[in-house]
Amino acid sequence: MDRDEIQSRLDRELHSHGARLKDADQWKVRQDVFDEATLIALYRLANKKIISSIGGALSTGKEANIFLGEKDGQLIVIKIYMIRTANFKAMTDYLDGDPRFANVRRIKKEIIFAWTRKEYSNLMRAQEAGIAVPKPLAFNRNILLMEFLGKDEKPYPQLRLAMMEDAEKIYHLILEYMEILCKKARLIHADLSEYNILLGDRPYLIDMGQSVTLDHPRAMQFLIRDIANVNRFFKSYCDTIADKELFGKITEGIIQEP
Ligand SMILES: Nc1ncnc2c1ncn2[C@@H]1O[C@H](COP(=O)(O)OP(=O)(O)O)[C@@H](O)[C@H]1O
Ligand SMILES: [Mg+2]
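Quick notes on the rules
- Residues numbered from 1 in each chain as written.
- Chains lettered and ligands numbered in written order.
- Predicted model: local features only at pLDDT ≥ 70, side-chain atom pairs only at ≥ 80, totals over all residues.
- Heavy atoms only, no water.
- Helix = DSSP H or I, 4+ residues; strand = E, 2+ residues; numbered from the N terminus.
- Rg over C-alpha atoms; globule rule 2.2 N^0.38 Å.
- Contact = heavy atoms within 4.5 Å.
- Areas by Shrake-Rupley, 256 points an atom, 1.4 Å probe, with all protein chains shown as cover.
- Lys, Arg positive; Asp, Glu negative; His and termini not counted.
- Charge placed at Lys NZ, Arg CZ, Asp CG, Glu CD.
- Pairing = 2+ DSSP bridges.
- Axes fitted to C-alpha atoms, helices over the stretch in contact; angles between N-to-C directions.
- Donors = N, O, S within 2.8 Å, 3.2 Å for Na, K, Ca; no water.
- Buried < 20%, exposed > 50% of the residue type's maximum accessible area, 1.4 Å probe, protein only.
- Domains from an automatic or database assignment.
- Buried area = accessible area lost by both parts, 1.4 Å probe.
- Core = buried A, V, L, I, M, F, W, Y, C linked by side-chain atoms within 4.5 Å.
- Phe/Tyr/Trp six-rings, centres within 6.5 Å; stacked < 30°, edge-to-face > 60°.
- Lys NZ or Arg CZ within 6 Å of the ring centre and 35° of its normal.
- Near = heavy atom within 4 Å.
- Polar contact = N/O pair within 3.5 Å; in protein donor to acceptor, adjacent residues only side chain to side chain.
- Nonpolar A, V, L, I, M, F, W, Y, C, P; charged D, E, K, R; others polar.

Asker: Help me get a handle on the overall build of the protein chain, residues and values and all.
Answerer: A count of helices and strands for the protein chain gives eight helices and 11 strands. Relative to a compact globule of 258 residues, whose C-alpha radius of gyration would be 18 Å, the protein chain shows 19 Å and is just as compact. Principal-axis analysis of the C-alpha atoms gives the protein chain an extent of 60 × 45 × 25 Å. Expressed as a percentage of contacts within the protein chain between residues at least 6 apart in sequence, the contacts between residues at least 24 apart total 63%. Total accessible area on the protein chain is roughly 12,800 Å²; 50% of this is exposed by carbon and sulfur atoms. Distance between charge centres in the protein chain, computed from 39 positive and 38 negative side chains, equals 4 Å.

Asker: So what's going on with the sheet that holds strand β4 (residues 136-140)? Residues and values would help.
Answerer: The strand order across the open sheet built from five strands is β1-β2-β3-β5-β4, with neighbouring strands paired in antiparallel fashion. The two strands at the open ends of the sheet, each matched to only one other strand, are β1 (53-60) and β4. With strand direction ignored, the average angle separating the axes of adjacent strands in the sheet is 25°. Taken together, the eight bridges between strand β2 (residues 64-71) and strand β3 (residues 74-81) define a ladder with antiparallel strand orientation. Residue L68 lies in a different strand from β3, and its bridge partner there is V77. Against the sheet, helix α3 (residues 36-47) makes contact with β1, β3, β4 and β5 (143-147), and its axis sits at roughly 45° relative to β5, the strand it touches most.

Asker: Account for the coordination of the magnesium ion (ligand 2), with residues named and values stated.
Answerer: On the protein side, the magnesium ion (ligand 2) has N196 (OD1) and D207 (OD) as donor atoms, found 2.1 to 2.2 Å from it. In this pair, N196 is assigned in the loop between β8 (187-188) and β9 (197-199) and D207 in the loop between β10 (203-205) and β11 (212-213), connecting sequence segments 11 residues apart. With a relative accessible area of 22%, D207 lands in the partly exposed category.

Asker: Before we move on, can you summarise the domain arrangement of the protein chain with the specific residues and values?
Answerer: Domain boundaries assigned for the protein chain yield domain 1 (3-151) and domain 2 (157-251). Here the C-alpha centre of domain 2 lies 25 Å away from the C-alpha centre of domain 1. Across the contact, 22 residues belong to domain 1 and 27 residues belong to domain 2. Of the roughly 1,900 Å² buried between domain 1 and domain 2, counting both surfaces, carbon and sulfur atoms make up 63%.

Asker: Can you tell me about the nonpolar core, naming the residues and giving the values?
Answerer: Soluble globular proteins: nonpolar side chains tend toward being buried together. One finds L159, I174, M178 and F234 to be the most contacted residues of the largest nonpolar core, which totals 68 residues. Sorting elements by how many residues they give to this core places helix α6 (residues 167-183) first, with nine residues. When residues are assigned to domains, this core turns out to be shared by domain 1 (3-151) and domain 2 (157-251), each giving three or more. For F234, the contacting residues outside a window of four places in its chain are L159, M164, A167, I170, Y171, I174 and T240. Formed by 21 residues, the second largest nonpolar core is a distinct cluster that contains A41, A46, I143 and L145.

Asker: Outline the pairing of β1, listing residues and values.
Answerer: Here five bridges tie β1 to β2, and the two strands are oriented antiparallel to one another. Opposite S53, over in β2, you have E70 as the bridge partner. What sits between β1 and β2 in their antiparallel hairpin is a turn of three residues.

Asker: Before we move on, can you summarise the environment of Q210 with the specific residues and values?
Answerer: Locating Q210 in the fold gives a position in the loop between β10 and β11. Given a relative accessible area of 7%, Q210 falls into the buried group. For the pair Q210 and Y237, spaced 27 residues apart in the sequence, the C-alpha separation amounts to 28 Å. Those residues in contact with Q210, other than ones at most four positions away along the chain, are Y94, W115, K118, H189, A190 and D191.

Asker: I'd like a description of the packing of aromatic side chains, backed by residues and values.
Answerer: Tallied over the entire structure, the rule returns eight aromatic pairs. Here the aromatic rings of F233 and Y237 are separated by 5.2 Å at their centres, their planes lie at 40°, and the arrangement is tilted. Accessibility expressed as a relative area gives 9% for F233, which makes it buried. Residue classification places Y237 among the partly exposed positions, given a relative accessible area of 47%. Over the ring of W115 we find K118, and its NZ or CZ is 4.8 Å from the ring centre.

Asker: Describe the site of ligand 1, listing the residues and the values that go with them.
Answerer: Surrounding ligand 1, one finds 15 residues, the nearest of these being K79, E147, L149, Q158 and D207. At 2.6 Å, a side-chain N or O of Q158 approaches an oxygen atom of ligand 1. When ligand 1 sits alone it has 540 Å² of accessible area, and the protein chains cover 87% of it. When residues of the shell around ligand 1 are traced back to their parent elements, those giving at least two are β3 and β5. Among the residues making up the shell around ligand 1, the classes are represented as nine nonpolar, three polar and three charged.

Next up, the structure:
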């Protein structure tokens, strides 16, 4: 199959279900930025009826492009890790030391696929521990599908842009998530900030590709950074608990690296 063939098959697959999304046309323009491997992965997901339509972009980051999509009439989020622009050095640092990914070959594609799988599995662990995250739905190669967090077709705002009615309550909920994430899911988010928290009916943690298990040699260092970020953001909105005290509370009873 050449590129045109893949694209037209993908279009047919997506079209046969009748795209109802507002920005479905945007997708057509964007297809060009994807490599063939990504188009094939999308085609597979569409062919298996895991995606029924693709709409406008919610976010175009350096490492991932995020689209609104549909599955059986439900809104979903399609996160596509970009093979061309990924920061492989940084990704490898987070994969090394995580026993779940010890056997990943250090070639670009494999690293991105492992990263996608890692985000899926981290979201799953977080969800199973009872933390508010987007429910992961499926993954294929560099594509992750998850629950859409928002209202109508509008995503919940990032915490940095959100109107907080009760900042203190939100702050304490986030601290609770961090503690459960550490103690029950045995994960550290490792990129927690007002950018990776969406605020809807409650705060949701997102973007967990880089999250690591407690075995990671730098897990505690990442936790210290997460705590500092959360405190830095909240200190202008409410009373905050000192970094050190929080670290103690979150890691209480957990065996630490020397
Ligand atoms: N499940 C989701 N529901 C709604 N919007 C989302 C979801 N996931 C991501 N987004 C939107 O895309 C943005 C970037 O997502 P993120 O996972 O943080 O990717 P990046 O790796 O590019 O930072 C978010 O800030 C949010 O606006
Ligand atoms: Mg992010």
